[in-house]
Amino acid sequence: MTTTPTAPRTSTTTATTTSTATATTTATLPAPRGRLSAAVLDVLAAPPPGRLPASLDEAVEGADPYGDDLHLALYVCYELHYRGFADVSPDWEWDPDLLRLRAGLERVFLAALRRDTLTGTPSDSDVPAALEPLLVEPVDGGGVSDFLLREGEWWQMREYVAHRSVYHLKEADPHAWVIPRLDGQAKASLVAVEYDEFGGGRGERVHARLFADLMAGAGLDPSYLRYLDDVPAPALATVNLMSLCGLHRALRGALVGHFAAAEISTAPSARKMARALERLEAAPECVLFFTEHIEADAVHEQVMRRDVIGDLLEREPELAADVVFGIRATELLEGRLADHLLNAWRRNASSLRRPLDA
């Protein structure tokens, strides 16, 4: 692995111009990673309607719920509800056959998440108990942001940014789906958080735009989903959880739980990431993305816990177990991603499917 000792600086003007030029583009279809993703990609390459092989049902049931094939297939299906893909008809978004396959993939993924997050104790519906560990920074400091702060090299930082690009270039979009499914203070407060995520009415402050600026400042291509082919299942799964919960009204409590968990954990992590980037002498626009999140998400954490979750459960107390599930599923998948990154980096190996400079 060839490393770069310090980050090449890119001017704010250059990064802004680049990200603005690419902000509205769609992605190209990725390469398949197995039978399921190949079937999805093959059908999307033709005009609708299409027909997926009935024999795929057996492959779906036997798929690895955390594997590359299932998560790429799911990610591609979900992307049809975001910006879509170049040369793919928008009519595929609601194709019944494709939705049937997606439902099967979701069942496999969701069943694994429920199995791996269920403790079988009364705390399965205790929201404060589920949130409490997130409110305390671990003393051992063994997470990804701690690694990057203490000893991370520039190539590892760039890999981390590439992993996160499959979410942050659409940051907060999945959570917008829950707005019409809430009422009263919960809705008003969640919209207030989303307003900040979308730049407070200023296009240049939209968090997805700031992340594109970060990518350009780090010498990465800020085009939408440019690194989808390179990002493995652990990172795709974190985004698929958001899309899954956002697209299903029955999972609105889980999406709120996920959003709260993300907001609680972001501020401490962002503080470390900003310091890590400063240590690596990164361009100012790289640091800005994280400093923007430090104060904002500290406030968002309070709003999500007290005003969104509090009001939601006052109105719909039966959703408490779903909120807990969303919190725990987020922790589970973030933990799997952290393990993947750190295991690779400690071997001085790339955490991506192919190194960035390959």
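Residues numbered from 1 in each chain as written. Predicted model: local features only at pLDDT ≥ 70, side-chain atom pairs only at ≥ 80, totals over all residues. Heavy atoms only, no water.

> Help me understand the overall build of the protein in this model?
Looking only at helices and strands, the protein features 15 helices and zero strands. Computed over the C-alpha atoms, the radius of gyration of the protein is 20 Å, within 12% of the 21 Å expected from 2.2 N^0.38 for a compact globule of 358 residues. Seen through its principal axes, the protein has C-alpha atoms that stretch 50 × 50 × 40 Å. In the protein, the proportion of contacts linking residues at least 24 apart, taken out of those at least 6 apart, comes to 83%. Accessible area of the protein: about 15000 Å², with a carbon and sulfur share of 53%. Where the 35 positive side-chain charges of the protein centre and where its 53 negative ones centre are 1 Å apart. (Helix = DSSP H or I, 4+ residues; strand = E, 2+ residues; numbered from the N terminus. Rg over C-alpha atoms; globule rule 2.2 N^0.38 Å. Contact = heavy atoms within 4.5 Å. Areas by Shrake-Rupley, 256 points an atom, 1.4 Å probe, with all protein chains shown as cover. Lys, Arg positive; Asp, Glu negative; His and termini not counted. Charge placed at Lys NZ, Arg CZ, Asp CG, Glu CD.)

> Please clarify how the confidence of the model for the protein should be interpreted in this entry.
Do not read the fine detail of predicted coordinates wherever pLDDT is low. Considering every residue of the protein, the mean pLDDT works out to 90; 91% of them sit at 70 or more. Taken as a whole, residues 1-24 scores under 50 in pLDDT and shows 48 contacts with residues more than four places along the chain or in a different chain. (pLDDT = per-residue confidence, 0-100.)

> Please explain the packing of helix α8 (residues 154-168) against helix α15 (residues 320-346) as it appears in this structure.
Relative orientation and spacing of two packed helices are given, respectively, by the angle between their axes and the distance between those axes. Relative orientation of the contacting elements α8 and α15 amounts to 150°, with a least axis distance of 12 Å. By the angle class used here, α8 and α15 are roughly antiparallel. For the element pair α8 and α15, the recorded crossing hand is right-handed. On the side of α8, the interface is formed by Trp155, Gln156, Glu159, Tyr160, His163 and Arg164, while α15 contributes Glu334, Leu337, His340, Leu341 and Trp345. In the contact of α8 with α15, the residues fall into five nonpolar, three polar and three charged. (Axes fitted to C-alpha atoms, helices over the stretch in contact; angles between N-to-C directions. Parallel < 35°, antiparallel > 145°, perpendicular 65-115°, else oblique. Left-handed = near helix turned anticlockwise from the far one by under 90°. Nonpolar A, V, L, I, M, F, W, Y, C, P; charged D, E, K, R; others polar.)

> Can you walk me through the nonpolar core in this structure?
One broad rule of soluble globular proteins: the nonpolar side chains tend to lie buried together. Counting residues in hydrophobic clusters, the biggest one holds 119 residues, and the most contacted among them are Leu44, Leu98, Phe109, Val127, Leu148, Phe290 and Trp345. If we ignore the near neighbours within four places in the chain, the residues touching Leu98 are Val40, Val43, Leu44, Leu52, Cys77, Leu80 and Trp92. (Core = buried A, V, L, I, M, F, W, Y, C linked by side-chain atoms within 4.5 Å. Buried < 20%, exposed > 50% of the residue type's maximum accessible area, 1.4 Å probe, protein only.)

> Please clarify how unusual backbone geometry should be interpreted in this entry.
Glycine aside, residues mostly have negative phi, and peptide bonds are mostly found in the trans state. Cis rather than trans, the peptide bond between Pro48 and Pro49 has omega equal to 0°. Tracing the chain through its elements places Pro49 in the loop between α2 (35-44) and α3 (56-61). In this structure, Leu225 takes a positive phi of about 60° despite not being glycine. One can find Leu225 in the loop between α11 (207-217) and α12 (233-247).

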